[in-house]
Amino acid sequence: MAKTAIIGGGAAGFFLAVCLKERMPDMGVTIFERGNEVLRKVKVSGGGRCNCTNTFEGVRDLKEVYPRGHRLMKRLMKGFSERDAYAWFERHGVRLTIQEDHCVFPQSQDSQTIINCFLHYCKRYGVEIRTGVKIQSLEELSDYDHICVTTGGQPRAEGLRWLAEMGHEIVDPVPSLFTFNIEDTAVRALMGTVVDNATVMIPGTAFRASGPLLLTHWGMSGPAILRLSSYAARHLAEQHYRSPLSINWISKKENEVSEELQRLSIQYPQKMLANIRPYDLPSRLWSHLLSKSLGEKVDKRWNELGKKDLNRLVNTLTNDDYVIHGRSAFKDEFVTCGGVALSSVNSKTLESRVVPHLYFAGEVLDIDGVTGGFNFQAAWTTAHTVAEAIV
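Summary of the structure given here. (Residues numbered from 1 in each chain as written. Predicted model: local features only at pLDDT ≥ 70, side-chain atom pairs only at ≥ 80, totals over all residues. Heavy atoms only, no water.)

Some thoughts on the overall build of the chain
Here is step 1 of the chain: Of the regular secondary structure elements, the chain holds 13 helices and 16 strands.
Here is step 2 of the chain: Projected onto the principal axes, the alpha-carbon positions of the chain cover approximately 85 × 40 × 35 Å.
Here is step 3 of the chain: A buried classification covers 53% of the 391 residues belonging to the chain.
Here is step 4 of the chain: In the chain, of all internal contacts separated by at least 6 residues, the share reaching a separation of at least 24 is 76%.
Here is step 5 of the chain: In the structure as shown, the chain presents an accessible area of about 17,900 Å², 47% of it carried by carbon and sulfur atoms.
Here is step 6 of the chain: Where the 46 positive side-chain charges of the chain centre and where its 44 negative ones centre are 3 Å apart. (Helix = DSSP H or I, 4+ residues; strand = E, 2+ residues; numbered from the N terminus. Buried < 20%, exposed > 50% of the residue type's maximum accessible area, 1.4 Å probe, protein only. Contact = heavy atoms within 4.5 Å. Areas by Shrake-Rupley, 256 points an atom, 1.4 Å probe, with all protein chains shown as cover. Lys, Arg positive; Asp, Glu negative; His and termini not counted. Charge placed at Lys NZ, Arg CZ, Asp CG, Glu CD.)

Digging into the sheet that holds strand β14 (residues 320-329)
Here is step 1 of the chain: Ordered in space as β9-β12-β11-β10-β13-β14, the six strands form a closed barrel in which the pairing is antiparallel. Here the average twist between neighbouring strands, direction ignored, is 50°.
Here is step 2 of the chain: Docked against the sheet, helix α11 (residues 283-294) engages β10 (194-201), β11 (208-215) and β14, running at close to 130° with respect to β14. (Pairing = 2+ DSSP bridges. Axes fitted to C-alpha atoms, helices over the stretch in contact; angles between N-to-C directions.)

Digging into helix α13 (residues 374-390)
Here is step 1 of the chain: Between its terminal C-alpha atoms α13 stretches 24 Å, which fits the 24 Å expected from 17 residues at 1.5 Å a residue.
Here is step 2 of the chain: By the criterion of burial, α13 is predominantly enclosed, with 15 of the 17 residues buried. (Expected span 1.5 Å × (residues − 1).)

Side note on unusual backbone geometry
Excluding glycine, residues mostly carry a negative phi; peptide bonds, for their part, are mostly trans.
Here is step 1 of the chain: Of note in this structure, Leu39 is not a glycine but carries a positive phi near 60°.
Here is step 2 of the chain: Topologically, Leu39 is positioned in the loop between β2 (28-33) and α2 (40-48).
Here is step 3 of the chain: For Leu39, a relative accessible area of 1% translates into the label buried.
Here is step 4 of the chain: In this model, Ser251 sits at a positive phi of 55°, which is unusual for a non-glycine residue.
Here is step 5 of the chain: Tracing the chain through its elements places Ser251 in the loop between β13 (242-248) and α10 (254-267).
Here is step 6 of the chain: Judged by its relative accessible area of 25%, Ser251 falls in the partly exposed class.

Side note on the packing of α10 against helix α12 (residues 307-318)
Here is step 1 of the chain: Packing of α10 against α12 brings their axes to within 10 Å, and their N-to-C directions diverge by 130°. As the angle between them shows, α10 and α12 are arranged oblique. Judged by the sense of rotation from one axis to the other, the crossing of α10 with α12 is right-handed. Contact residues: Glu254, Val257, Ser258, Leu261 and Gln262 in α10; Leu310, Leu313, Val314, Leu317 and Thr318 in α12.
Here is step 2 of the chain: Taken together, the residues of the contact of α10 with α12 sort by class into six nonpolar, three polar and one charged. (Parallel < 35°, antiparallel > 145°, perpendicular 65-115°, else oblique. Left-handed = near helix turned anticlockwise from the far one by under 90°. Nonpolar A, V, L, I, M, F, W, Y, C, P; charged D, E, K, R; others polar.)

The following block contains the structure:
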């Protein structure tokens, strides 16, 4: 009887185990997890709800959602797409729901539903789960015909050293998906404020992202910030998480904003600036931006707004400058960019190019996505690819 060892008790590992047993019921499959608990990351993902995939609606290029590995994902998703993942979970008893932002969650809104699904089918199919076992070398698994590493993202390169010693190229891992610490007391005082569609940029680079932005007691968070942290993960690590940050609070061009402010000054000449908020900006944020632009002139009426004042206000709305002073973890989730270089694996099977019958799936590969269910989709797609290759 053929036997497969899976190193890592995370999402990719369990998905792979179930796929293998459904295709080859007689195969022996064992999951080795170094900790005492499996599927820990699934448990905390999506705020405990598990954003298990995304519809990919509106995604024109996979590079938008996979800063690393988009070319490989484009190829592999032809074999197992987001639609396939959706159908797989529903077929295995997990009813799903699609949010307005195209994120896909269990209808139960509880990540335990996904965990229970995996555990149920592993028990049903006779998958052996061994916790508290740290695999030090492949020699320990010499009895197995196939081995797959699904250990997830590693916070430090030391965790991948054993793979490097076999001859695999390793891309140094650095954090991805994190929030920004901003040492600006005026901004921190706005904690809880949400802007529906801001554009955030790293000046002097091509890194930019758009979406909702949340002001917090430590700085800035929300989808726009998390996406930017993913796109610029390696750049920000090289800068030791000290970098300028530019914000376009309304994601509009300067000339458009100038025209809108001039229109308001004509429509509401006697109204106080603070009482008329362009683009429905939150009132506390609008007051902050007025103060930052005009200083003591914030008590002016709209018809008293001079050309220089108008230009300063336009600039603040579209090119507001801050400084990133460090990063904070995004909830309890941990995503890294880096890992086993894609040049070290066969792009069709994800088998190691240097060790026969050794495969990789999930975040241990140098593939990572932005927030929104894309990292889990990468786990399902790569694990399914390995299952097909082994079968």
